[in-house]
Amino acid sequence: MGGLTRTQERTLIAVKPDGVQRRLVGDVIRRFERRGFKLVGMKLLQAPEKVLAEHYHDLKKKPFYPNLINYMSSGPVVAMVWEGYNVVRTSRAMVGDTDSAEAAPGTIRGDFSVHISRNVVHASDSVEVAQREISLWFHSSELVDWDCGSHSSLYHV
Ligand code: IDP
Ligand code: MG
């Protein structure tokens, strides 16, 4: 037994409008690459209202919901799909607590955010939610299966 049974796990990570405007896209990507995850989808887009309504449907009754939709519509987001062993759980740890004041230094929110309403990045919170969010934000044709092969660690001389 043993082995990496969840290597194929995928999650949706999105740099929110504040993160894009603050030029944090590269830093977010760098953290996921350094950790060893594999980028299988990425696009910059102005999020359609319908997508945001579906994405945050469980928060519809919250008092902050209108402000959340305004925030998420305030500029483009960079939506990404990352793949790897336990990527859902690990990326939540890398992103940090929803409330910026609770987010540990070293996490994305703990390094870049001071308020829950401008917390720079989204990460799916379970494998099931990740699957739903990935199909909401991406067509299957936009996801690329690729092999980490020879260029990840070898130089050709
Ligand atoms: P998560 O992004 O850490 O999964 P959720 O509870 O799913 O947190 O909330 C989704 C997003 O809604 C948060 O990332 C944040 O942008 C926003 N949000 C959550 N709670 C509050 C709040 O109390 N005030 C303002 N915005 C909030
Ligand atoms: Mg959430």
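Since this is a predicted model, take the numbers as computed values, not measurements.

Parameters and conventions
Residues numbered from 1 in each chain as written. Chains lettered and ligands numbered in written order. Predicted model: local features only at pLDDT ≥ 70, side-chain atom pairs only at ≥ 80, totals over all residues. Heavy atoms only, no water. Near = heavy atom within 4 Å. Polar contact = N/O pair within 3.5 Å; in protein donor to acceptor, adjacent residues only side chain to side chain. Areas by Shrake-Rupley, 256 points an atom, 1.4 Å probe, with all protein chains shown as cover. 1 Å grid on protein atoms, 1.4 Å probe; cavity = no way out; pocket = protein on both sides within 12 Å on 5 of 7 lines; lining within 4 Å. Sits in = over half its atoms within 2 Å of the grid points. Points joined across faces, edges and corners; volume = space filled by probe spheres on them. Helix = DSSP H or I, 4+ residues; strand = E, 2+ residues; numbered from the N terminus. Nonpolar A, V, L, I, M, F, W, Y, C, P; charged D, E, K, R; others polar. Buried < 20%, exposed > 50% of the residue type's maximum accessible area, 1.4 Å probe, protein only. Arc of directions from axis to C-beta. Contact = heavy atoms within 4.5 Å.

## Section: the site of ligand 1
Lys16, Tyr56, Leu59, Phe64, Leu68, Arg92, Thr98, Arg109, Ile116, Ser117 and Asn119 make up every residue found near ligand 1. Measuring from an oxygen atom of ligand 1, one finds a side-chain N or O atom of Lys16 at 2.9 Å. Arg109 has a polar side-chain atom sitting 3.0 Å from an oxygen atom of ligand 1. Across the complex, the protein chains shield 77% of the 530 Å² of accessible surface that ligand 1 would expose by itself. Taken atom by atom, the bulk of ligand 1 overlaps the largest pocket.

## A look at the layout of surface pockets
Considering only enclosed or pocket space, the largest pocket measures out at about 550 Å³ in volume. Elements supplying a minimum of two residues to the lining of the largest pocket: α4 (65-72), β4 (121-123) and α7 (127-137). Split by residue class, the lining of the largest pocket holds eight nonpolar, seven polar and eight charged. Reported here for the second largest pocket is a volume of approximately 250 Å³. Lining the second largest pocket we find 14 residues, and of these Gly36, Phe37, Lys38, Glu83 and Cys148 sit closest to its centre.

## Digging into α4
Where α4 is concerned, the buried positions are Tyr65, Leu68, Ile69, Tyr71 and Met72. Taken around the axis of α4, the buried residues stretch over an arc of 160°, which confines them to a single face. Among the exposed residues of α4, those oriented more than 90 degrees off its buried face are Asn67 and Asn70. On its buried face, α4 is in contact with α1 (17-21), α3 (49-55) and β3 (77-83).

## Description of the environment of Glu128
Along the chain, the position of Glu128 falls in helix α7. Judged by its relative accessible area of 57%, Glu128 is exposed. In sequence terms Glu128 and Thr11 are 117 residues apart; their C-alpha atoms lie 9.5 Å from each other.

## What to know about unusual backbone geometry
A negative phi holds for most residues other than glycine; trans holds for most peptide bonds. The phi angle at Arg23 is positive, at roughly 65°, despite the residue not being glycine. Checked against the element boundaries, Arg23 lands in the loop between α1 and α2 (25-35). For Arg23, a relative accessible area of 70% translates into the label exposed. In the Ramachandran plot, Asn86 falls in the positive-phi region, its phi being about 55° despite a non-glycine side chain.

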